[in-house]
Structures are given as C-alpha cells and as structure tokens.
Amino acid sequence: MFDVPRDRILPVHEISVRLREDRHPYELANLDAVEANWKQESARQPKLFDGEMILLSQLTYRDGHIEGLCHPIRFATFLHWRKNLAASDGFHVFANAMPVTTDGALIAIRMAPHTANAGRVYFAAGSFERQDFRQGIADVDYNICREVAEETGIDLKTVAREDSYHAYCTASGLTLIRRYYLQEDAEASLASIRAHIAAEEEPEADRAVVIRGEADVPQSAPAHMKPLVRWHFSADAGAQSEV
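Residues numbered from 1 in each chain as written. Predicted model: local features only at pLDDT ≥ 70, side-chain atom pairs only at ≥ 80, totals over all residues. Heavy atoms only, no water.

Asker: Quick question: what am I supposed to make of the environment of alanine 205 here?
Answerer: With respect to the secondary-structure elements, alanine 205 resides in strand β14 (residues 205-211). Remark: the alpha-carbon pair of alanine 205 and phenylalanine 128, spanning 77 residues in sequence, is separated by 18 Å. Residues in contact with alanine 205, not counting those within four places in the same chain, are Ile109, Arg110, Met111, Ala112, Glu151 and Ile197. (Helix = DSSP H or I, 4+ residues; strand = E, 2+ residues; numbered from the N terminus. Contact = heavy atoms within 4.5 Å.)

Asker: Before we go on, may I ask you to explain the packing of aromatic side chains in this structure?
Answerer: By convention here, two paired aromatic rings are described through the distance between centres and the angle between planes. Tallied over the full model, the rule gives five aromatic pairs. Ring centres 6.5 Å apart and planes at 80 degrees place the aromatic pair tryptophan 38 and phenylalanine 75 in the edge-to-face group. In this pair, tryptophan 38 is assigned in helix α2 (residues 31-44) and phenylalanine 75 in helix α3 (residues 75-81), connecting sequence segments 37 residues apart. A relative accessible area of 15% places phenylalanine 75 in the buried class. An aromatic cluster is present here, built from Trp38, Phe75, Phe78 and Trp81 joined pairwise through their rings. When the ring centre of tyrosine 142 is taken as origin, the NZ or CZ atom of arginine 134, which lies over that ring, is 4.3 Å away. A cation over a ring is seen here: arginine 178 above tyrosine 165, with NZ or CZ 4.6 Å from the ring centre. (Phe/Tyr/Trp six-rings, centres within 6.5 Å; stacked < 30°, edge-to-face > 60°. Buried < 20%, exposed > 50% of the residue type's maximum accessible area, 1.4 Å probe, protein only. Lys NZ or Arg CZ within 6 Å of the ring centre and 35° of its normal.)

Asker: Can you walk me through helix α5 (residues 186-199) in this structure?
Answerer: Residues separated by three or four positions in an α-helix point in the same direction, a consequence of the helix having 3.6 residues per turn. The terminal C-alpha atoms of α5, which comprises 14 residues, lie 20 Å apart, in line with the 20 Å expected from a rise of 1.5 Å per residue. For α5, the set of buried residues is Ala186, Ser189, Leu190, Ile193, His196 and Ile197. Projected onto a plane normal to the axis of α5, the buried residues spread over an arc of 125 degrees and lie on a single side. Of the residues in α5, the exposed ones pointing more than 90 degrees away from the buried face are Glu187, Ala198 and Ala199. Each element contacted by the buried residues of α5 is listed here: β7 (106-111), α4 (140-152) and β14. For α5, the side-chain oxygen to backbone nitrogen distance between the N-cap and glutamate 187 is 3.4 Å, and the N-cap itself is aspartate 185. (Expected span 1.5 Å × (residues − 1). Arc of directions from axis to C-beta. Polar contact = N/O pair within 3.5 Å; in protein donor to acceptor, adjacent residues only side chain to side chain.)

Asker: Just checking my understanding: could you explain the nonpolar core for this structure?
Answerer: Across soluble globular proteins, you tend to see nonpolar side chains buried next to one another. The biggest cluster of nonpolar side chains holds 60 residues, and the ones touching the most others in it are Ile66, Ile144, Leu156, Leu174, Leu176 and Met225. For leucine 174, the residues in contact, after removing those within four places along its chain, are Val4, Leu59, Ile66, Phe91, His92, Val93, Phe94, Ala167, Tyr168 and Cys169. (Core = buried A, V, L, I, M, F, W, Y, C linked by side-chain atoms within 4.5 Å.)

Set out below in structure tokens:
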C-alpha cells in the first residue's frame with residue numbers, strides 16, 4: 001500500500017521505515033526480466049555495479065508521520081523497476097540534504113558519466129543501504145550525511161540543520177528533504193567540492209552546481225528539483241534561520 005499525497009511539500013516529524021529480510025515482491029515476480037535488462041544496461045555502461053539497495057513495498061503518510069516497509073534488492077532490479085513504474089508494486093525513497101550557503105545559495109551536483117544517472121543535476125543523495133538502518137529502522141540523517149560526504153566531501157554532521165524533515169512525493173517516489181546550513185559561501189563551497197572530486201579516483205559527481213532560484217535548475221534535473229527549489233526560495237518554506 002502506498003498512501004502519500006502527491007505533488008505537495010509535506011511536513012514530516014517522524015519517520016519509521018522498517019527493513020525486512022525477505023525478497024521484494026517485484027524482484028521475485030521479474031527475475032528473468034531483471035536479468036535480461038541488466039545485461040543491456042551493463043553492456044551500455046560497464047562500470048555499473050550490481051550491489052544491494054533498498055526498495056519499499058509499503059509507505060503511508062499520516063499527520064506528519066511516515067511509516068513503511070522495505071526490502072533489500074539488486075541494483076539490477078532497481079534499474080528494471082524504474083522503467084516500469086506504472087505497473088509496479090514498489091516505491092523508492094531518496095533522502096536529500098539541501099545545503100544552504102552563508103550567502104543564501106543551494107548546492108547541487110551533476111552526476112558523472114559512468115553513473116546510472118549520468119549528467120543529471122540534483123542535491124547529493126543516494127539510495128538507502130543496509131548500513132543506513134539501526135535496529136531495523138532507517139536512520140535518515142545518517143544516510144544523508146554519508147552520501148553527501150561521499151559525493152562532495154562536506155561533513156554535514158558539524159553544521160546546523162532544521163529540526164525536522166519535509167517530503168515531496170511524485171509517481172516515481174518520495175523525496176525526503178532537510179536543510180543544512182553550511183559555514184561557507186557558495187564560492188568557497190564550490191572550491192571545496194572541486195578539490196574533493198579531483199582527489200577521487202572515480203568520483204560519483206563531476207561538478208557542483210550553485211542554485212540561487214528556480215531558473216538555475218537545469219533541464220537535466222529530475223522532476224522533483226524545481227518544486228523543491230521553488231519551495232525553498234518562497235515564503236511558504238518559513239524562516240530559513242530556524243534550526
């Protein structure tokens with residue numbers, strides 16, 4: 001069951017997403033198709049890695065509370081699933097940091113050519129992995145800090161952040177967002193991320209992108225980016241200094 005209002009920014013006060021160990025129904029129902037699609041995808045991008053990730057089988061939102069169930073799946077299953085969203089019984093969640101610089105900009109990244117999302121621009125984020133769960137419950141802040149550190153080198157554990165999350169749901173999944181307030185301006189943040197990317201042997205991102213308004217969101221961004229940026233820079237987002 002997936003019961004979350006779509007195309008709205010929703011306040012989130014509590015998140016309880018539990019990890020089950022049994023295989024996801026979508027993976028079990030599409031074993032042969034997943035394997036055939038993986039052969040095509042890996043032939044096209046040989047550096048793709050068929051590791052473990054997480055896909056939801058249930059998700060509900062009630063009065064600021066998100067509850068869900070999820071299962072470990074192959075990355076190959078995820079690639080097949082996202083081509084068949086309309087007919088699937090799975091759901092995907094990304095947790096996004098919205099890094100805010102001291103001069104009021106947002107910092108996003110562009111994914112490197114060897115990744116599954118090559119050329120796409122969005123806030124540094126990654127799918128939940130087994131290490132992001134504590135006693136079977138998703139630790140959203142840990143996932144966010146881990147992914148941002150891996151992709152940008154920024155340590156969000158040391159900066160101020162909002163007390164709670166927000167969520168934005170579309171047909172392709174749920175984006176959880178939380179604003180983190182960096183201690184540098186946009187130019188210094190860009191320089192820091194450039195240095196991190198240059199030091200990586202095979203970085204996931206190939207550049208950082210400064211966003212000062214909706215017009216700065218490129219066409220290569222996924223559908224959730226413009227609504228989130230619009231919300232952040234609008235009065236509806238509330239006081240940005242409230243942490």
